[in-house]
Amino acid sequence: MTNTLHQKPGDGWSLDERKPQVIESWMSVWGWFYQYYFRVQTEGWHHIPRDEQVLIVGSHNGGLVSPDMVMMIYDWFRHFGTQRLVYGLMHRHIWELNPALAKEAVAVGAVRANPKMAIAAFQKGASVLVYPGGAQDVFRPHSQRNQIQFAGRKGFIKLALRQNIPIIPAISYGAHDTLMVLGDIYPLMKQLHEWGMPWVYDIDPEVFPIYLGLPWGIAFGPLPHIPLPIQIHTRICQPIRFPNYGRKAASDFDYVESCYQQVLSTMQTELDQLITHIIP
């Protein structure tokens with residue numbers, strides 16, 4: 001990839017800052033959390049073909065920490081090693097909220113959640129990991145913890161269709177119990193902002209949850225937290241391959257909607273089955 005979008009080191013606009021040695025240095029730390037803290041149970045990794053690029057589509061859980069996402073990343077490297085390229089699309093707000101964390105994430109393989117970066121990663125021969133639901137998904141109310149929510153975002157469908165890439169659904173259970181989201185008061189905060197009240201943060205956070213969790217007790221806004229040691233279960237599902245691919249398919253509104261609903265319903269069915277298996 002050319003660095004035409006690259007502005008400065010660690011800004012997420014380059015594919016060249018991924019460092020396998022940094023990934024290796026994190027493996028023992030992730031491994032401890034994987035084995036002892038979250039006691040992860042996982043299945044289905046054989047569904048990821050070893051000789052084909054894929055678009056892994058996950059559902060966010062557990063606030064800004066999103067521990068199931070971190071455990072998924074660890075599992076990828078555990079199964080395929082650090083040399084098999086995978087890039088994760090990360091929201092631009094992370095660079096604004098926590099530049100140090102963003103820089104470390106870039107070394108692990110995070111890039112800006114931008115179609116140009118995803119396409120560049122595929123052109124480089126890499127696979128891509130995306131969580132379409134974003135902040136609305138990761139901070140959805142606790143009562144909706146067992147629901148797959150992508151907030152209507154279909155960019156990942158268009159990406160898969162244009163690049164002729166199969167989608168691998170990645171689901172999990174447990175991480176949304178590492179905190180308890182009571183609700184989202186973003187509409188109220190936005191109204192107050194329009195009346196002149198400044199944002200608590202320097203950016204529009206898109207969500208403004210109220211949640212119970214460590215170390216705050218009760219927290220207001222998208223603050224990071226210390227996740228409770230809840231067991232996490234993850235499942236990699238069978239590839240989803242659509243009947244038609246290409247630019248024409250990606251430009252067909254009804255077809256994109258149909259593909260979106262297929263992915264959504266497939267992931268919800270898989271999650272329901274996983275929960276039934278865990279909690280008979």
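A short tour of the structure in this document, coming up. (Residues numbered from 1 in each chain as written. Predicted model: local features only at pLDDT ≥ 70, side-chain atom pairs only at ≥ 80, totals over all residues. Heavy atoms only, no water.)

Turning our eyes to something else, we now look at the overall build of the protein chain. A tally of helices and strands in the protein chain yields 10 helices and 10 strands. Against the compact-globule benchmark of 19 Å for 280 residues, the protein chain has a radius of gyration of 18 Å, which places it among compact chains. Viewed in the frame of its principal axes, the protein chain has a C-alpha envelope of about 50 × 45 × 45 Å. Counting across all 280 residues of the protein chain, residues that qualify as buried make up 50%. Intrachain contacts of the protein chain at a sequence separation of at least 6 include 76% that bridge at least 24 residues. Within the structure as shown, the protein chain displays about 13500 Å² of accessible surface, and the carbon and sulfur contribution to it stands at 56%. Positive and negative side-chain charges in the protein chain, numbering 23 and 23 respectively, have mean positions lying 4 Å apart. (Helix = DSSP H or I, 4+ residues; strand = E, 2+ residues; numbered from the N terminus. Rg over C-alpha atoms; globule rule 2.2 N^0.38 Å. Buried < 20%, exposed > 50% of the residue type's maximum accessible area, 1.4 Å probe, protein only. Contact = heavy atoms within 4.5 Å. Areas by Shrake-Rupley, 256 points an atom, 1.4 Å probe, with all protein chains shown as cover. Lys, Arg positive; Asp, Glu negative; His and termini not counted. Charge placed at Lys NZ, Arg CZ, Asp CG, Glu CD.)

Residues of helix α7 (residues 155-163) that are buried include every one of F156, I157, L159, A160 and L161, and no others. Tucked inside the fold, the buried residues of α7 contact β2 (55-58), α5 (115-123), β5 (127-130), β6 (167-173), α9 (247-251) and α10 (253-278). Just past α7, the residue N164 takes up positive phi, approximately 55 degrees.

What follows concerns the environment of K158. Mapped onto the fold, K158 is located in helix α7. Taking relative accessible area as the criterion, K158 reaches 35% and is therefore assigned partly exposed. With residues up to four places along the chain from it excluded, the contact list for K158 reads A250 and V256.

Moving on, we get to the packing of aromatic side chains. Scanning the entire structure with this criterion turns up 16 aromatic pairs. Ring geometry for W30 and F77: centres 6.4 Å apart, planes at 10 degrees, overall stacked. Taken as a pair, W30 in helix α1 (residues 20-37) and F77 in helix α2 (residues 67-80) lie far apart in primary sequence, 47 residues in all. In terms of burial, W30 and F77 fall into one category: buried. The rings of W32, F33, Y36, Y37 and F38 are connected pair by pair, giving a single aromatic cluster. (Phe/Tyr/Trp six-rings, centres within 6.5 Å; stacked < 30°, edge-to-face > 60°.)

A separate point is the packing of α7 against α10. With their axes 9 Å apart at the nearest point, α7 and α10 run at an angle of 105 degrees to one another. Relative to α10, the element α7 lies roughly perpendicular. Across the interface between the two elements, F156, I157, K158 and L161 of α7 pack against Y255, V256, C259, Y260 and V263 of α10. Split by residue class, the contact of α7 with α10 holds 8 nonpolar, no polar and 1 charged. (Axes fitted to C-alpha atoms, helices over the stretch in contact; angles between N-to-C directions. Parallel < 35°, antiparallel > 145°, perpendicular 65-115°, else oblique. Nonpolar A, V, L, I, M, F, W, Y, C, P; charged D, E, K, R; others polar.)

Scanning the entire structure with this criterion turns up 8 salt bridges. Here K124 and D16 are joined by a salt bridge, their closest N and O atoms 3.8 Å apart. Of this pair, K124 sits in the loop between α5 and β5 while D16 is found in the segment before α1, placing the two residues 108 residues apart along the sequence. With its nearest N and O atoms 3.0 Å apart, the salt bridge here joins R241 to E52. With R241 in the loop between β10 (233-236) and α9 and E52 in the loop between β1 (41-43) and β2, this residue pair connects regions lying 189 residues apart in the sequence. Assessed through its relative accessible area of 47%, R241 is described here as partly exposed. Here E52 falls in the partly exposed class, since its relative accessible area comes to 26%. One salt-bridge network, in which partners are shared between bridges, spans E43, R235 and E270. (Salt bridge = Lys/Arg side-chain N within 4 Å of Asp/Glu carboxyl O.)

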